[in-house]
Amino acid sequence: MFPVNDSDTRPLTIDQCIVPCKMNNLKANLQNVCSRIDFACKEAGRQVSEIVVVAVSKKHPAEPIRQLYHLGQSAFGENYVQEALAKQKLLQDIDIEWHFIGPLQSNKTQEVAHHFHWVQSADRKKILKRLSDQRPATLPDLNVCIQVNIDREEQKSGVLPEHLMEMAHYAQGLDKLHLRGLMAIPQQATAGHDSSDSYQRMRELFDTLNASGLTLDTLSMGMSGDLESAIMKGSTMVRVGTDLLGQRY
Ligand SMILES: *Cc1c(COP(=O)(O)O)cnc(C)c1O
């Protein structure tokens, strides 16, 4: 019924995903990402158990998320609030840990505070305060990473490194937040710019914050194309979209 082509890297539609043979792609993708992490950890002298994988499912439908979940992947990252809420509704029968990783405007904090377990893209005091105030008392504290604009890019979200210390201690003092760590999306590797250098600077910021009395356990860095260099630099959480779920349109 559907063209079967193993080299086809287009994302799965809901219809395609109910065809059992397509399941193998997700399984192979997951195995491949796990063995890359395994290899990177061996190189870095680290344990695989130190690394959490967040599957980035933005622009992918609910059904491949469900299938990845049944293959053992439990944490998923979403960038767009409305899109995420629609999928969460379709997947409410399974126990997914939802991470919000996209740019966050203050008019969306309420929905995020109600419907996610983690926010990795907090980058302003106002956003942090709203997330804490709006987190329902009945839910556990919201896990938060502060996003750092590590390469000082004009168009990119994130706090600049020189403002991080103050913001982290501010977040630490908020009632319904559990400050877990830092997140960054470095500049694309280009001539003269290597993302492993950005990851090194993230690692140093992370260590500096912990030396200042915080107890952060999460350094969220590394994506499909560069998870190995992030793991070499101390990443504890990689966010993988394309290499798990296929290309996005
Ligand atoms: C889309 C996205 C990813 C995943 O990127 P891939 O290159 O597809 O793995 C990771 N982190 C964030 C914040 C993203 O927006």
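Preceding this paragraph is the structure being described.
Here goes a summary of the coordinates provided. (Residues numbered from 1 in each chain as written. Predicted model: local features only at pLDDT ≥ 70, side-chain atom pairs only at ≥ 80, totals over all residues. Heavy atoms only, no water.)

### A look at the pairing of strand β1 (residues 52-56)
- Of all five residues that make up β1, four are buried, and the element is covered over most of its length.
- The pairing of β1 with strand β8 (residues 237-240) spans four bridges and is classified as parallel. By the bridge assignment, Ala55 is partnered in β8 with Val240.
- Here β1 runs beside strand β2 (residues 75-78); their pairing, made up of two bridges, is parallel. Paired with Ala55 across the two strands is Phe76, which belongs to β2. (Buried < 20%, exposed > 50% of the residue type's maximum accessible area, 1.4 Å probe, protein only. Helix = DSSP H or I, 4+ residues; strand = E, 2+ residues; numbered from the N terminus. Pairing = 2+ DSSP bridges.)

### What about the pairing of β2?
- Residues of β2 alternate between two faces, with Ala75 and Gly77 on one and Phe76 and Glu78 on the opposite face, all of them buried.
- The sheet contact formed by β2 and strand β3 (residues 97-100) spans four bridges and is parallel. Its bridge partner being in β3, Gly77 is matched across the sheet by His99.
- In the classification by handedness, the crossover that spans β2, the intervening helix α4 (residues 81-90) and the parallel β3 is right-handed. (Right-handed = clockwise from strand over helix to strand, strands pointing away.)

This is a description of form; function is not addressed.
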